[in-house]
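So you can see what is in the structure, the chains are spelled out below.
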Amino acid sequence: MGERDEPATIGRRVQQLRVERGLTQRQLAEPVYTPAYISTLEAGRVRPSDDALRHLAGRLGVAFDELATGRPARLVTELHLRLTEARRTLAVGETEAAVEQYAGLLAEAEAHDLAEEQAAALLGLGECALETGELVEGRQYFERAEDRLAEAPLPARAPALRGRAVAHYLAGELRYAVYLLESTIDELNRGGLHDPDALLLLYASVIGPYMDMGAHARAAQAAEFALALAPQSGDPALVARMHRSVARTLLAEGRLAEADASLAKAAELYRGLQLRTELANCHWMRGYVYAQNGELERAEKEMRQALEMLSAKRASLYSSQVTVELADVLHRRGDSREAAALLEDVLGGLSPERGAVHAAAAHRLLGIIAEDARRAEQAEEHYVRAMSLLERAGAAGDLADLCRLLGDLLRRTGRVEAALDAYRTGLGHRTAPGTTTLGPAPAQPPV
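Note that the structure is a prediction, hence the values are computed from the model and not measured.

Reading guide: rules and limits
- Residues numbered from 1 in each chain as written.
- Predicted model: local features only at pLDDT ≥ 70, side-chain atom pairs only at ≥ 80, totals over all residues.
- Heavy atoms only, no water.
- Helix = DSSP H or I, 4+ residues; strand = E, 2+ residues; numbered from the N terminus.
- Buried < 20%, exposed > 50% of the residue type's maximum accessible area, 1.4 Å probe, protein only.
- Contact = heavy atoms within 4.5 Å.
- Areas by Shrake-Rupley, 256 points an atom, 1.4 Å probe, with all protein chains shown as cover.
- pLDDT = per-residue confidence, 0-100.
- Core = buried A, V, L, I, M, F, W, Y, C linked by side-chain atoms within 4.5 Å.
- Salt bridge = Lys/Arg side-chain N within 4 Å of Asp/Glu carboxyl O.
- 1 Å grid on protein atoms, 1.4 Å probe; cavity = no way out; pocket = protein on both sides within 12 Å on 5 of 7 lines; lining within 4 Å.
- Points joined across faces, edges and corners; volume = space filled by probe spheres on them.
- Nonpolar A, V, L, I, M, F, W, Y, C, P; charged D, E, K, R; others polar.
- Phe/Tyr/Trp six-rings, centres within 6.5 Å; stacked < 30°, edge-to-face > 60°.
- Lys NZ or Arg CZ within 6 Å of the ring centre and 35° of its normal.

**Considering the overall build of the protein chain**
Phase 1 of the analysis: Per the secondary structure count, the protein chain includes 23 helices and 0 strands.
Phase 2 of the analysis: Here the protein chain holds 447 residues, and the buried ones make up 49% of them.
Phase 3 of the analysis: The contacts of the protein chain with a sequence gap of at least 6 include a subset with a gap of at least 24, amounting to 63%.
Phase 4 of the analysis: Total accessible area on the protein chain is roughly 20800 Å²; 50% of this is exposed by carbon and sulfur atoms.

Given below as structure tokens:
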């Protein structure tokens, strides 16, 4: 039940409904109350009790909540049904249609001052923006969702915090993204708020930033936690569809509480389907580990599985990250032609403000491929462009390695002084393997 309107608003509503139904104040009051009480209530000079509102609602033929708040009895349940439909639309990759659905829901939730439903619609719009790479808009949607949920427990706010962190990460702001994710994880675990869905979302989301910052040990641990927390479901889409159908039937019969419960189950399953993007990161992480160990065939298999999970209609920036890693594996397996084709395709959708680290990785690998083909000038161009992108993003480990590559190339082409400058730049960004300036790792969950 939502908060009640002010007495004056309730009084006007009672008077309007009474007049519409052709009742006198005496007819509305009897047999429990007096006409004078009804007159005082309609004038807004008394705050009616729950018992009085129930009596009036019964006489006027409306629901208690509708009389107290002005919201139709079925409104919230019908909004939940439409939110579930929008989640399904986004989960299957129909992003444009999902945007329309969420925008309509947001307008209606705002019109009726429903904070929780506003937050859900804003989260949906933020997720749509991440899918399409509109990072500034996405971050703003997530910030507005956090604002609507300011009084809610941390697990309820975790999806909005995670969304904002991912928007910063995809824009190349690695350290701030990790700060947001780690501080939320730490607060959940230290506070005993071991919500599996919230933790799974956060651990899976922090893998990419960890990897780009060179914190490989933390990335591997986060992947293990995410996989251990991943919900198990034989066919979540089928089960969710069943719950949606049941909810429609219950809603038609006026059984609103049962319909809400069924919709909650469907929504949970669709959230699990949306985690497909996050769990793809775990397969990417496994592929990276296999590649580091020289198990290139297994690495390729894991990365292709990650790309398959990130379907063509969804998650373009996530797909770019995995594609760059897959291209590296293909290059190491001797298929530089396919690797270069994948990289050139990826670069078409990236920019310094949209996937800077991924674009730098693509340029770095294209530089290596060009060097192998003895195209030194082309290789240098790719290395320099990659350096510019990495300096902006603060990816220290990758930047140090890139300076070494560029220095070696310059030295081989006889430009010793330029090579020394490149090496010195790299030394300024040098870090020990697997370490960052992130500080202590967050507290661990009881997995």
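And the narrative resumes.
**Examining unusual backbone geometry**
Phase 1 of the analysis: Glutamate 30 connects to proline 31 through a cis peptide bond whose omega is 0°.
Phase 2 of the analysis: Not every positive phi belongs to a glycine, and aspartate 113 is a case in point at roughly 55°.
Phase 3 of the analysis: If you trace the backbone, aspartate 113 turns up in the loop between α7 (95–111) and α8 (115–132).
Phase 4 of the analysis: Of note in the backbone geometry, arginine 374 takes a positive phi value of approximately 60° without being a glycine.

**Here we look at the confidence of the model for the protein chain**
In low-pLDDT segments, the atomic positions of the prediction should not be examined closely.
Phase 1 of the analysis: Averaged over every residue, the pLDDT of the protein chain is 81; the share at 70 or more is 81%.
Phase 2 of the analysis: In this model residues 431–437 is a low-confidence stretch, pLDDT under 50, and it forms 11 contacts with partners more than four residues away in sequence or in other chains.

**A word on the nonpolar core**
Phase 1 of the analysis: Residues Tyr102, Leu130, Tyr203, Ile207, Leu343 and Tyr383 are the most contacted members of the largest nonpolar core, which totals 106 residues.
Phase 2 of the analysis: If we ignore the near neighbours within four places in the chain, the residues touching leucine 130 are Leu135, Phe142, Arg162, Gly163, Val166, Ala167, Leu170 and Tyr318.
Phase 3 of the analysis: Ranked by size, the runner-up nonpolar core spans 15 residues in total, among them Val14, Leu60, Leu67 and Ala68.

**Side note on the pattern of salt bridges**
Phase 1 of the analysis: By the definition in use, this model includes 23 salt bridges.
Phase 2 of the analysis: For arginine 144, the salt bridge identified is with glutamate 110, shortest N-O distance 3.5 Å. One end of the pair, arginine 144, is in helix α9 (residues 135–148); the other, glutamate 110, is in helix α7, and 34 residues separate them in sequence.
Phase 3 of the analysis: In this structure arginine 144 comes out as partly exposed when scored by relative accessible area, which is 32%.
Phase 4 of the analysis: The exposure class of glutamate 110 is partly exposed, given its relative accessible area of 36%.
Phase 5 of the analysis: Arginine 304 is the salt-bridge partner of glutamate 300, the closest N and O atoms lying 2.9 Å from each other. With a gap of 4 residues between them, glutamate 300 and arginine 304 both fall in helix α17 (residues 296–309), about one helical turn apart.
Phase 6 of the analysis: By relative accessible area, which is 13% here, glutamate 300 ends up buried.
Phase 7 of the analysis: According to the relative accessible area criterion, arginine 304 is partly exposed, its value standing at 35%.
Phase 8 of the analysis: What emerges from the salt-bridge pattern is a single network uniting Glu110, Arg144, Asp147 and Arg148.

**Side note on empty space enclosed by the protein**
Phase 1 of the analysis: Per the stated rule, a full pass over the model turns up 2 cavities of 30 Å³ or more.
Phase 2 of the analysis: Taken together, 11 residues form the lining of the largest cavity, with Tyr203, Tyr210, Gln221, Phe225 and Pro442 sitting closest to its centre.
Phase 3 of the analysis: Looking at the lining of the largest cavity, the elements with two or more residues in it are α12 (196–212) and α13 (216–229).
Phase 4 of the analysis: Tallying contributions element by element places α13 first for the lining of the largest cavity, with 4 residues.
Phase 5 of the analysis: Of the residues belonging to the lining of the largest cavity, the class tally is 8 nonpolar, 2 polar and 1 charged.

**A look at the packing of aromatic side chains**
Phase 1 of the analysis: Applying the stated criterion to the full structure yields 3 aromatic pairs.
Phase 2 of the analysis: A centroid spacing of 5.9 Å and a plane angle of 25° characterise the contact between tyrosine 176 and tyrosine 179, whose relative ring orientation is stacked. Taken together, the positions of tyrosine 176 and tyrosine 179, both in helix α11 (residues 174–190) and 3 residues apart, correspond to about one turn of that helix.
Phase 3 of the analysis: The positively charged end of arginine 54 is found above the aromatic ring belonging to phenylalanine 64, 5.0 Å away from the centroid.

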